[in-house]
Amino acid sequence: MLLPLSGVPKSLASGLMKHCNLSIVDWVYKTFPDGEQYLRLLSDVEGKKIVVAQSLYPNQDSKVVELYLALEALQGLNASTPVVVIPYMAYARQDKRFLKGEPISVKAVYEPLKLFNVKKLVVVDMHSQSISNLISVDVANILPHAYMIKSAGVKIDFVLSPDKGALHRAENVAKTINVGFNYLDKFRDRVTGEIRVDLRELDVKNSNVAIVDDIISTGGTVAKACQILYNLGANKVYAVVTHALLSEKSLETLSKAGLTMLITSNSITHTIQLPQWVLVTDLSELICEEVRKIM
């Protein structure tokens, strides 16, 4: 059975039911006047295996609490939760102590999953590969970029990572579609958050280039990469980014930079109206491939 919590987009929940061949767990939810959350499971789940799905954006904090309330409710009904699907992992960008006195946020948020006997965490494009070493729960990480490009039906000649840390994503895509890849040197001021992108030697003249990354929010990094690529003679520039945490301002930034298309996914619920040059692909089939290995 599938328990899709409130963070899961409707398109993704429907796809998970179809491709994983799971029936739905009915539940009710409300918020008390003081802001505390309440949920109750209505379906008969006793003794059954339940796939819990929760995407942690927007309103990350409430989504985390909702997830843990659901897991405790299932435990109280003697249901097992061998797998939890979290398409978007909030707090995953803080995977180390960059400055003295900081928490490792990803550890604080996800380590408690072991209290509910969760055996496997299925995630989509987690921010850092090191996360698997920071929490006790086994993690299956899906890299969807090549699948997204195929779904979009676009021709790509070269793949670019916006920084060295994300190079594994570009390499994965490039090897899948058999093209070249490289990365830009990106530097972020840990205090101000300001980003600087330095030019590398790239041969992209007359090429269709895909900038591959996990998260886009302000759009600043992709916009700067666009400018560099067009200055080097690129024909078209696509951004293939799994999690698009977009605002009206970030869309304006990307549009002004001349981005041909933003190809993203339904890992989150998009809270604003998206223009035609933003394509949202469904990842339910990829996720169910991992779920079936566990169930």
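The notes below deal with the structure included here.

The rules behind each value
- Throughout this document, residue positions are counted from 1 along each chain, in the order its sequence is written.
- Restriction of local features to residues with pLDDT of at least 70 applies here, the model being predicted, together with a cutoff of 80 or more for giving and counting side-chain atom pairs; totals for whole chains, interfaces and linings are based on all residues.
- The basis for the side-chain values is all heavy atoms of the structure; hydrogens and waters are excluded.
- Helix and strand assignments follow DSSP, with helices taken as H or I runs no shorter than four residues and strands as E runs no shorter than two, numbered in order from the N terminus.
- Burial status follows relative accessibility: with a 1.4 Å probe on protein chains alone, a residue under 20% of its type maximum counts as buried, one over 50% as exposed, and anything between as partly exposed.
- Residue contacts are defined here by distance: any two heavy atoms, one from each residue, within 4.5 Å place the two residues in contact.
- In this description, a nonpolar core means a group of buried Ala, Val, Leu, Ile, Met, Phe, Trp, Tyr and Cys residues linked to one another through side-chain atoms lying within 4.5 Å.
- Here, any two strands with at least 2 DSSP bridges between them count as paired.
- As a rule, the C-alpha atoms of each element are fitted with a line to give its axis, helices using only the stretch in contact, and angles between N-to-C directions run from 0 to 180 degrees.
- Stacked, tilted and edge-to-face are the three classes applied to pairs of Phe, Tyr and Trp rings, where Trp contributes its six-membered ring and a pair requires centres within 6.5 Å; stacked means planes under 30 degrees apart, edge-to-face means over 60, and tilted covers the rest.
- We call a charge positioned above a ring when the Lys NZ or Arg CZ atom is no farther than 6 Å from the ring centre and deviates by at most 35 degrees from the ring normal.
- Patch rule: a residue counts if its relative accessible area is over 30% and it has no salt bridge; like charges are joined within 9 Å, and nonpolar side chains (Val, Leu, Ile, Met, Phe, Trp, Tyr) within 5 Å.
- Where accessible areas are quoted, they stem from the Shrake-Rupley method and a 1.4 Å probe; at the residue level, only the protein chains shown are allowed to cover.
- Between Lys or Arg on one side and Asp or Glu on the other, a salt bridge is scored when a side-chain nitrogen of the former is within 4 Å of a carboxyl oxygen of the latter.
- To estimate the expected span of a helix, subtract one from its residue number and multiply by 1.5 Å.
- Here is the rule for angles: anything less than 35 degrees is roughly parallel, anything more than 145 is roughly antiparallel, 65 through 115 is roughly perpendicular, and the remaining ranges are oblique.
- Classification convention: Asp, Glu, Lys, Arg as charged; Ala, Val, Leu, Ile, Met, Phe, Trp, Tyr, Cys, Pro as nonpolar; all other residues, Gly among them, as polar.

Cis geometry marks the peptide bond from Y57 to P58, where omega comes out at -5°. One non-glycine residue, N178, lies in the positive phi region at around 65°. Along the chain, the position of N178 falls in the loop between α5 (167-177) and β9 (180-183). Relative accessible area serves as the criterion here: at 71%, N178 is assigned to the exposed category.

Structurally, S132 can be placed in the loop between β6 (120-124) and β7 (138-142). A relative accessible area of 30% means that S132 is categorised as partly exposed. Contacts of S132, omitting those with residues within four sequence positions, involve M126 and V139.

Okay, the nonpolar core next. Residues M89, Y110 and L121 are the most contacted members of the largest nonpolar core, which totals 42 residues. When residues of this core are traced back to their parent elements, those giving at least two are β3 (37-41), β4 (49-53), α2 (60-76), β5 (80-86), α3 (105-110) and β6. It is α2 that provides the largest number of residues to this core, a total of seven residues. Not counting the four nearest positions on each side in its chain, Y110 is found in contact with L56, Y68, I86, M89, A90, L121 and I135. Among the nonpolar cores identified, the runner-up in size contains 34 residues, and V85, V122, V124 and V159 belong to it.

What the five strands build is an open sheet, ordered β1-β4-β5-β6-β7; its pairing is parallel. Of all strands in the sheet, those with a lone pairing partner are β1 (2-4) and β7, marking the two edges. Geometrically, the sheet is characterised by an average inter-axis angle of 20° between neighbouring strands, direction not taken into account. Looking at chain direction, β6 and β7 are connected through five bridges and run parallel. Bridging across to β7, V124 finds its partner in I142. Where α2 meets the sheet, it contacts β1, β4 and β5, and its direction lies at approximately 165° from that of β5. Strands β4, β5, β6 and β7 of the sheet are contacted by helix α8 (residues 284-294), whose axis makes an angle of about 170° with β6.

Applying the stated criterion to the full structure yields four aromatic pairs. Consider the rings of W27 and Y29, whose centres lie 6.3 Å apart with planes at 75°: the pair is edge-to-face. Take W27: its relative accessible area is 21%, and that puts it in the partly exposed class. Ring geometry for Y68 against F116: centres 5.9 Å apart, planes inclined by 40°, an arrangement best described as tilted. Taken together, the residues span a long stretch of sequence, with Y68 in helix α2 and F116 in the loop between α3 and β6 at a distance of 48 residues. The exposure classification of Y68 matches that of F116, with both residues buried. For the cation-ring pair, K30 lies above Y38, with the distance from its terminal atom to the ring centre recorded as 5.3 Å.

Residues V28, F32, Y38 and L42 make up a contiguous nonpolar surface patch of roughly 330 Å² in combined accessible area. In this structure F32 comes out as partly exposed when scored by relative accessible area, which is 35%.

For α2, spanning 17 residues, the distance from its first C-alpha to its last is 25 Å, which sits close to the expected 24 Å at 1.5 Å a residue. Among the residues of α2, those classed as buried are K63, V64, E66, L67, Y68, A70, L71, A73 and L74. Of the surrounding secondary structure, the elements contacted by the buried residues of α2 are β1, β2 (27-31), β3, β4, β5 and α3.

To continue, consider the packing of helix α4 (residues 145-152) against α5. In the contact formed by α4 and α5, the axes pass within 8 Å of each other and the chain directions differ by 50°. Accordingly, the angle class assigned to the pair α4 and α5 is oblique. Together, H145, A146 and I149 of α4 and R169, V173 and T176 of α5 make up the contact between the two elements. Considering only residue class, the contact of α4 with α5 consists of three nonpolar, two polar and one charged.

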